[in-house]
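So you can see what is in the structure, the chains are spelled out below.
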Amino acid sequence: MADTSSSTVELDGTADLASVMRDGRRTINYDPPHLNPVPSRQYYFYLMLPAIIILACITIYPFFWLIYMSLHKVDIGGAGDVWNDFKNWTRLTRDSKFQDGWWLLLKYSAMCMFMEVGLGVLLAVILNNSRAEKILVTIFLMPMMMAPVIAGLVWYYLYNGTFGWYHWLLESAGILGETSILGGTSTAMIGIVIVDVWQWTPLITLITLAGLKRVPRDQLEANMVDGAGPVRNFFQISLPNLYPFLLIAILLRFMDNFRFIDAILVLTGGGPANSTKILPTYLFDVSFQFFKLGRGAAIALTLLVVTIILGLILVRVFDSPASKTGQTQAGN
Amino acid sequence: MASSDVVQYRSPARRLVEILTVVFLAVYLVWTVLPLFIMFVSSFKDLLEAFKLPPTGDWAGAWVFFDFTPTVQHYVDLFADNNFGTYLANSIIASLGSALISVVFGAMAAYSLSRIEFRGKRDLFFWIISTRMAPVVAVMVPLYAIFRGAGLVGTLPGLILAYTTFNLPFAIWILKGFFDNVPYAIEEAAMCDGCTRFQAFREILPLVAPGIGAFLVLCVLFAWNDFLFASIIGSGGAKTLPVATKELVQPQNIQWGKIMAAGVVTTAPMMFLGLLIRRYLVTGLTMGAVRE
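Residues numbered from 1 in each chain as written. Chains lettered and ligands numbered in written order. Predicted model: local features only at pLDDT ≥ 70, side-chain atom pairs only at ≥ 80, totals over all residues.

1. Focus: the overall build of chain B
Put simply, the rule reads: Secondary structure elements follow DSSP: runs of H or I no shorter than four residues count as helices, runs of E no shorter than two count as strands, and numbering proceeds from the N terminus. Put simply, the radius of gyration uses C-alpha atoms, and a globule should come to 2.2 Å times the residue count raised to 0.38. With C-beta atoms placed from the backbone, a residue counts as buried when 20 or more other C-beta atoms lie within 10 Å of its own, as exposed when 12 or fewer do, and as partly exposed for counts between those limits.
When helices and strands are counted, chain B shows 13 helices and zero strands. For 292 residues, the compact-globule estimate of 2.2 N^0.38 gives 19 Å, and chain B exceeds it by more than 25% at 25 Å. For chain B, the C-alpha atoms occupy an extent of roughly 75 × 70 × 35 Å along the three principal directions. Classification of the 292 residues of chain B by burial places 47% in the buried group.

Given below as structure tokens:
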């Protein structure tokens, strides 16, 4: 915002037409920049300002506060923060739960992604251009509207070892023994993955469907003339065209797996025996169960850094022409 | 996928595939709807009936699921004994408040961001979107410390501010893409006709109003469905529906009928809103990267 020093601001009706026109041209770049006086750009900056200020107050300020906290022993009781020689950070290297947390987070995300993408794409391909597409898609996306914590509660009920219907179903089918799915250290992870798959597969389906609609028809037809059946057509034409869409879908889901732990908190709370204590869950425990906010801040920073890297990748994908206009460049 | 104008020979293999797809769709439909259905039905069962389950392996016994006398007692109790009226109001105020702040300021910022170029714009954008994508727990650690110092923990304004951390960047980001699609020529023409800049802005509002409305609804939905912020920052004075529902789960005395009823109260309005803005859902949920 370097231009605030320039003089005239024209918020009222008195702006002379010439300057308005020149300014108008400027934004769509008819002219080389040196022909364009800047004064009325202030108008836009003023419009932008409130949002930027609010955002700065609730994101940048807390971010620095987070760094500060990670370097101190934070006492919320009001006794003041004490510098503690990077102890929050050095402890992380010896903290097995922290390292396991990362590993479990990756495992959890990978499992979710694998099932959601597989199922979601399959569903999209089947639904695409089918007669019932509209109504079915509408029904399928209902779980996405649900608060994750409520979804967690419903599934907690379904999984329950004594009165849960899904537990009864699995037990009757001989898949599961007496222990409920959330009770066993080896099955609990599957249990939470299933809930995520139930809720978020439709998102992948929606994105894939949007992608499938943009697969150039002439290419499909040309390939069919060359003797390809629907299966070959899918792998040779549709799938390459879908890649940008799938990448967006995967990145979005990946970030959401980092962002939300609502369902997990309800379902297992990280147990049994920490087998589902993915990093955000551990961070929640450290910060809001034990109120070790200093250590929590250090963990939060590691999580933020990874998210920012993912975000950089995502923005790059967003900017790619394929995702932006939907005109896939399968021509090259 | 094959285009419909090509005549196809229906081989047995093809028939098989068709049958399989129908079966798959049917199974997936049941898989999607069943938890919702069980939640809905269970909310009308009384305490004992909700726990009724046939013995293991007794497939025919599954009909006991429907063996109950429907009661709306849980819904009555929620509002009469559990203060759900207050929590409902909290949910509405917090989500609507944050959505309005986000969309009003977001639209202003998005409009100007879409109309001018300046150095560092890309960086500004990246900052905006990365705040939206930050893990909620990680954001909450410093926010909790700050809000505690400011006395905002447990208050509705605190919760509204907390929700704005994810709704405002979302609104800016998504509405910017929206304004990009409105040709500047329209405003230019309006200003040639003697409109002021602000009047010209009003001129294009009808074009973007449906979208702005839809994303307002989406912001409400995000905030409404939040649990983490509400449970920590809202704890105490600003309990919202998801938190209140979660708190019905108590170790000794789990009242599933009541919990399911609370689930229905929390979920039903959002499903309705979701269907209402169905057209904008993909755009909204993919941060504008994908359009239907």
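2. With respect to the overall build of chain A
Rules: Any two residues are considered in contact once their C-beta atoms, placed from the backbone, lie within 7 Å.
Looking only at helices and strands, one finds 14 helices and two strands in chain A. Counting across all 332 residues of chain A, residues that qualify as buried make up 45%. Put simply, of all contacts in chain A between residues at least 6 apart along the chain, 68% involve residues at least 24 apart.

3. Observations regarding the domain arrangement of chain B
Accessible area lost when the parts come together is the quantity often used to give the size of an interface. All names here are of chain B. This is how the line gets drawn: Just so you know, the domain bounds were taken from an automatic or database domain assignment. In this classification, Asp, Glu, Lys and Arg are treated as charged, Ala, Val, Leu, Ile, Met, Phe, Trp, Tyr, Cys and Pro as nonpolar, and every other residue, Gly included, as polar.
Domain annotation of chain B identifies domain 1 (12-71) and domain 2 (74-285). Using only C-alpha atoms to locate each centre, domain 1 and domain 2 end up separated by 34 Å. Contacts between the two partners involve eight residues from domain 1 and, on the opposite side, eight residues from domain 2. Those elements that place two or more of their residues in the side of domain 1 that touches domain 2 are helix H1 (12-42) and helix H2 (47-50). Among the elements that make up the side of domain 1 that touches domain 2, the one with the highest residue count is H1 (three residues). Per-class residue counts for the side of domain 1 that touches domain 2 are four nonpolar, two polar and two charged.

4. With respect to the interface of chain B and chain A
Between chain B and chain A, the contact holds 83 residues from the first and 93 residues from the second. Take the side of chain B that touches chain A: its biggest share by element is eleven residues, from H1 of chain B. The class makeup of the residues in the side of chain B that touches chain A is 56 nonpolar, 19 polar and eight charged.

5. Details of the packing of helix H3 (residues 73-80) of chain B against helix H12 (residues 256-276) of chain B
All names here are of chain B. Selection criterion: Each axis is a line fitted through C-alpha atoms, and for a helix only the stretch in contact is used; angles between axes span 0 to 180 degrees, taken between their N-to-C directions. Oblique is the label for any angle not under 35 degrees, not over 145, and not in the 65 to 115 range, which are roughly parallel, roughly antiparallel and roughly perpendicular in turn.
Axis separation between H3 and H12 bottoms out at 9 Å; the angle between their running directions is 75 degrees. For the element pair H3 / H12, the angle class is roughly perpendicular. Here His74, Tyr75, Asp77 and Leu78 of H3 lie close against H12, whose contacting residues are Gly257, Lys258, Ala261, Ala262 and Val265. Broken down by class, the residue content of the contact of H3 with H12 amounts to five nonpolar, two polar and two charged.

6. Focus: the nonpolar core
For clarity, the threshold we go by: A set of buried residues qualifies as a nonpolar core if it consists of Ala, Val, Leu, Ile, Met, Phe, Trp, Tyr and Cys joined through C-beta atoms within 7 Å.
Counting residues in each nonpolar core, the largest one holds 181 residues, and the members touching the most others are Met140, Phe215 and Cys219 of chain B. In terms of residues, this core owes the most to one element, helix H8 (residues 188-212) of chain A, which gives 16 residues. Discounting residues that sit within four places of it in the chain, Met140 of chain B has contacts with Leu228, Phe229, Ile232 and Ile233 of chain B.

7. Overview of the environment of Met108 of chain B
Within the secondary structure layout, Met108 of chain B lies in helix H4 (residues 84-115). For Met108 of chain B and Ile172 of chain B, which are 64 residues apart along the polypeptide, the C-alpha to C-alpha distance reads 8.3 Å. When residues no more than four places from it in sequence are discounted, the contact partners of Met108 of chain B are Leu47, Met48, Pro50 and Ala51 of chain A.

8. Quick look at the domain arrangement of chain A
Residue and element names in this part refer to chain A. When the domains of chain A are assigned, the result is domain 1 (3-70) and domain 2 (93-325). If you look at the interface, domain 1 gives four residues, while domain 2 gives six residues. Class assignment for the residues of the side of domain 1 that touches domain 2 results in three nonpolar, one polar and no charged.

9. Quick look at unusual backbone geometry
Positive phi, close to 55 degrees, is recorded for Phe291 of chain A, a residue that is not glycine. Summarising the element assignment, Phe291 of chain A is placed in the loop between helix H12 (279-288) and helix H13 (293-319). The residue Asn83 of chain B is not glycine, and still its phi comes out positive at about 65 degrees. In this structure, Asn83 of chain B sits in the loop between H3 and H4.

10. Focus on the confidence of the model for chain A
All names here are of chain A. Here is the rule: A score between 0 and 100, pLDDT records how confident the predictor is in each residue.
Looking at chain A, the pLDDT average stands at 80 and 83% of residues meet or exceed 70. Across residues 1-16, confidence stays below pLDDT 50; counting only partners more than four residues off in sequence or on other chains, it has 23 contacts. Counting interchain partners and residues more than four positions distant, the pLDDT-below-50 stretch residues 25-39 has 18 contacts.

11. Re the packing of helix H4 (residues 96-127) of chain A against H8 of chain A
Residues and elements named next belong to chain A. Stated precisely, the cut-off is as follows: Whether a crossing is left-handed or right-handed is set by the direction in which the near helix is turned from the far one by less than a right angle, anticlockwise for left-handed and clockwise for right-handed.
Two elements in contact, H4 and H8, have axes whose closest approach is 6 Å; the angle formed by their N-to-C orientations is 40 degrees. On the basis of their axis angle, the class for H4 and H8 is oblique. Crossing geometry of H4 relative to H8 is assigned as right-handed. Taken together, the residues of H8 that come into contact with H4 (itself represented by Tyr108, Met111, Cys112, Met115, Glu116, Val117, Leu119, Gly120, Val121, Leu123, Ala124 and Leu127) are Met189, Val193, Asp196, Val197, Trp200, Thr201, Ile204, Thr205, Thr208, Leu209 and Leu212.

12. Digging into the environment of Tyr43 of chain A
As for its placement among the helices and strands, Tyr43 of chain A is situated in helix H2 (residues 41-70). Taking the C-alpha atoms as reference points, Tyr43 of chain A and Ala110 of chain A, separated by 67 residues in sequence, lie 47 Å from one another.

13. Remarks on the confidence of the model for chain B
Residues and elements named next belong to chain B. Looking at chain B, the pLDDT average stands at 86 and 97% of residues meet or exceed 70. Confidence scores differ between elements of chain B, with H2 showing the lowest mean pLDDT of 77 and H4 the highest of 92. Confidence estimates for the predicted assembly give a pTM of 0.85 and an ipTM of 0.89.

14. Thoughts on the environment of Ile190 of chain A
Residue and element names in this part refer to chain A. Note on placement: Ile190 falls in helix H8. Looking at Ile190, the number of C-beta atoms within 10 Å reads 15, which means it is partly exposed. Ile190 sits 133 residues away from Cys57 along the chain, and the two C-alpha atoms are 40 Å apart.

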